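This is what each chain is made of:
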Amino acid sequence: MGKVHVFDHPLIQHKLTFIRDVNTGTKEFRELVDEVATLMAYEITRDLPLRKTEVETPVQMAESYVLAGKKLGIVPILRAGIGMMDGILKLIPTAKVGHIGLYRDPETLKPIEYYAKLPSDVGEREFIVVDPMLATGGSAIAAIDSLKTRGATHIRFMCLIAAPEGVKALADAHPDVDIYIAALDEKLNDHGYIVPGLGDAGDRLFGTK
Ligand SMILES: O=P(O)(O)OC[C@H]1O[C@H](OP(=O)(O)OP(=O)(O)O)[C@H](O)[C@@H]1O
Ligand SMILES: O=c1cc[nH]c(=O)[nH]1
Ligand SMILES: [Mg+2]
């Protein structure tokens with residue numbers, strides 16, 4: 001079973017309050033999601049492996065460290081995942097980016113894939129799949145299915161807000177995938193929205209409502 005990590009860093013929790021706020025407009029919402037994504041990227045990379053190296057400083061040679069693990073890939077789930085991408089790339093600028101396009105059918109709540117484009121060296125990378133919302137879990141499960149079908153073997157999932165139903169569904173479907181969240185909310189409502197949540201992440205990011 002994958003682990004579930006809740007990032008309780010005070011800056012993340014503070015910014016999340018304003019992301020949730022119904023009175024926060026599109027510009028500020030987008031900026032806050034970007035900032036929280038950067039902070040979450042800082043936390044999620046905490047366990048990346050290092051190897052020792054040497055560097056010549058202006059004073060003398062010094063023992064130091066560089067990253068030594070697999071190369072990284074970020075996969076935002078379109079659309080809303082795009083809102084987290086730049087914030088992550090600020091800290092991991094050499095990561096390659098794959099895109100998986102999914103929307104939730106409003107009647108059935110089932111995800112429909114409409115796009116997938118991944119780096120060519122999928123099998124050699126460790127992927128972080130990102131989406132602000134983990135509701136029923138259907139979209140995250142489908143995105144990770146799609147990545148695995150194309151050869152990915154090391155995958156983590158990162159979101160802002162998760163419902164318990166989505167965490168359970170994702171953990172059951174992909175027990176090898178660790179889940180990183182900023183907040184675990186109460187439940188889903190009858191329309192599959194997270195309660196209390198933040199509303200429709202895509203619409204709030206892109207101003208489409
Ligand atoms: O866990 P689930 O029940 O699958 O719901 C979560 C999905 O719903 C939202 O996307 P949406 O379908 O609204 O598409 P959008 O990003 O294009 O707005 C959200 O960004 C997730 O991808
Ligand atoms: O609460 C929710 C659930 C799914 N997608 C969203 O954007 N918000
Ligand atoms: Mg949406």
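These numbers were taken from a predicted model, which means no experiment stands behind them.

## As for the site of ligand 1
Part 1: By nearness alone, 16 residues border ligand 1, and Arg104, Asp131, Thr136, Gly137 and Ser139 come closest of all.
Part 2: Between an oxygen atom of ligand 1 and a side-chain N or O atom of Asp131, the distance comes to 2.4 Å.
Part 3: Thr136 places a side-chain nitrogen or oxygen 2.5 Å from an oxygen atom of ligand 1.
Part 4: Protein chains bury 91% of the 500 Å² of accessible surface belonging to ligand 1 in isolation.
Part 5: For the shell around ligand 1, the element with the highest residue contribution is strand S6 (residues 99-104), accounting for 3 residues.
Part 6: Residues of the shell around ligand 1, tallied by class, amount to 7 nonpolar, 5 polar and 4 charged.

## A short note on the site of ligand 2
Part 1: In the vicinity of ligand 2, the contacting residues are Arg104, Met133, Ala135, Gly192, Tyr193, Ile194, Gly199, Asp200 and Ala201.
Part 2: Contact distances for ligand 2 include 2.8 Å between a nitrogen atom and a backbone N or O atom of Gly199.
Part 3: Taking Ala201, its main chain carries an N or O atom lying 2.8 Å from an oxygen atom of ligand 2.
Part 4: Across the complex, the protein chains shield 89% of the 240 Å² of accessible surface that ligand 2 would expose by itself.
Part 5: Across the shell around ligand 2, the residue classes break down as 5 nonpolar, 2 polar and 2 charged.

## A word on the side chain of Asp121
Part 1: In this structure, Asp121 sits in the loop between strand S7 (111-117) and strand S8 (125-130).
Part 2: Taking the relative accessible area as the measure of exposure, Asp121 reaches 14% and is therefore buried.
Part 3: For Asp121, the side chain forms a polar contact with the side chain of Lys71, separated by 3.4 Å.

## What about the pairing of strand S10 (residues 154-162)?
Looking along a regular strand, one sees side chains alternate from face to face of the sheet.
Part 1: Counting buried residues along S10, 8 of its 9 residues qualify, which places the element largely inside the surrounding structure.
Part 2: With 5 bridges connecting them, S8 and S10 associate as parallel partners. Pairing of Val129 across the sheet is with Phe157, part of S10.
Part 3: The pairing of S10 with strand S11 (residues 178-184) spans 6 bridges and is parallel. Following the sheet pairing, Ala162 is matched in S11 by Leu184.
Part 4: Handedness of the crossover joining S10 and S11 through helix H5 (residues 164-173) is recorded here as right-handed.

## Describing the UniProt feature "binding site: 5-phospho-alpha-D-ribose 1-diphosphate" (unreviewed entry) in the protein
Part 1: Mapped onto the present numbering, the UniProt feature "binding site: 5-phospho-alpha-D-ribose 1-diphosphate" (unreviewed entry) falls at Arg79, Arg104, Asp131, Pro132, Met133, Leu134, Ala135, Thr136, Gly137, Gly138, Ser139 and Asp200.
Part 2: Excluding anything up to four places from it in sequence, Pro132 contacts Ala80, Gly81, Met84, Cys159, Leu160, Ile161 and Ala201.
Part 3: Residue placement: Leu134 occurs in strand S9 (residues 133-134).
Part 4: According to the relative accessible area criterion, Leu134 is buried, its value standing at 2%.
Part 5: The contact partners of Leu134, leaving out residues within four places of it in the chain, are Ala140, Phe157, Cys159, Ile161, Ala162, Ala163, Gly166, Val167, Leu170, Ile179 and Ile194.

## Considering the packing of aromatic side chains
Part 1: Scanning the model with the defined rule gives 2 aromatic pairs in all.
Part 2: With centroids separated by 6.1 Å and ring planes inclined at 35 degrees, the aromatic side chains of Tyr103 and Tyr114 adopt a geometry described as tilted. Taken together, the positions of Tyr103 in strand S6 and Tyr114 in strand S7 put the pair 11 residues apart, joining distant regions of the chain.
Part 3: The side chain of Arg104 reaches across the aromatic face of Tyr193, ending 5.5 Å from its centre.

About the thresholds
- Counting from 1, residues in each chain are numbered in the order their sequence is written.
- To label them, take the chains in the order written and letter them from A, then take the ligands in the order written and number them from 1.
- Restriction of local features to residues with pLDDT of at least 70 applies here, the model being predicted, together with a cutoff of 80 or more for giving and counting side-chain atom pairs; totals for whole chains, interfaces and linings are based on all residues.
- Excluded from the side-chain calculation are hydrogens and water; included are all heavy atoms of the structure.
- Proximity is defined per residue: if any heavy atom of the residue lies within 4 Å of a molecule or strand, that residue is considered near it.
- A 3.5 Å cut-off defines polar contacts: any pair of N or O atoms within that distance qualifies, except that in protein one atom must be a possible hydrogen donor and the other a possible acceptor, and neighbouring residues in sequence count only when both atoms are side-chain atoms.
- Surface accessibility in these figures is a Shrake-Rupley result with a 1.4 Å probe; residues are shielded only by whichever protein chains are displayed.
- Working definition: helices are DSSP H or I runs of at least four residues, strands are E runs of at least two. Numbering for both runs from the N terminus.
- Charged residues are taken to be Asp, Glu, Lys and Arg, nonpolar residues to be Ala, Val, Leu, Ile, Met, Phe, Trp, Tyr, Cys and Pro, and polar residues to be all remaining types, Gly included.
- Remark: exposure states derive from per-residue accessible area (1.4 Å probe, protein chains only) relative to the maximum for the residue type, with buried under 20%, exposed over 50%, and partly exposed in between.
- We treat two strands as partners when DSSP finds at least two bridges between them.
- Here is how to tell: hold the view so the strands point away, follow the path from the first strand over the helix to the second, and if it runs clockwise the crossover is right-handed.
- UniProt positions are given in the numbering used here, feature names are shortened, and annotations may be inferred rather than shown by experiment.
- In what follows, a contact means two residues having at least one pair of non-hydrogen atoms within 4.5 Å.
- In this scheme Phe, Tyr and Trp rings, the latter by its six-membered ring, pair at centre separations within 6.5 Å, and the angle between planes marks the pair as stacked below 30 degrees, edge-to-face above 60, and tilted otherwise.
- We count a charge as sitting over a ring when the NZ of a lysine or the CZ of an arginine lies within 6 Å of the ring centre and within 35 degrees of the ring normal.

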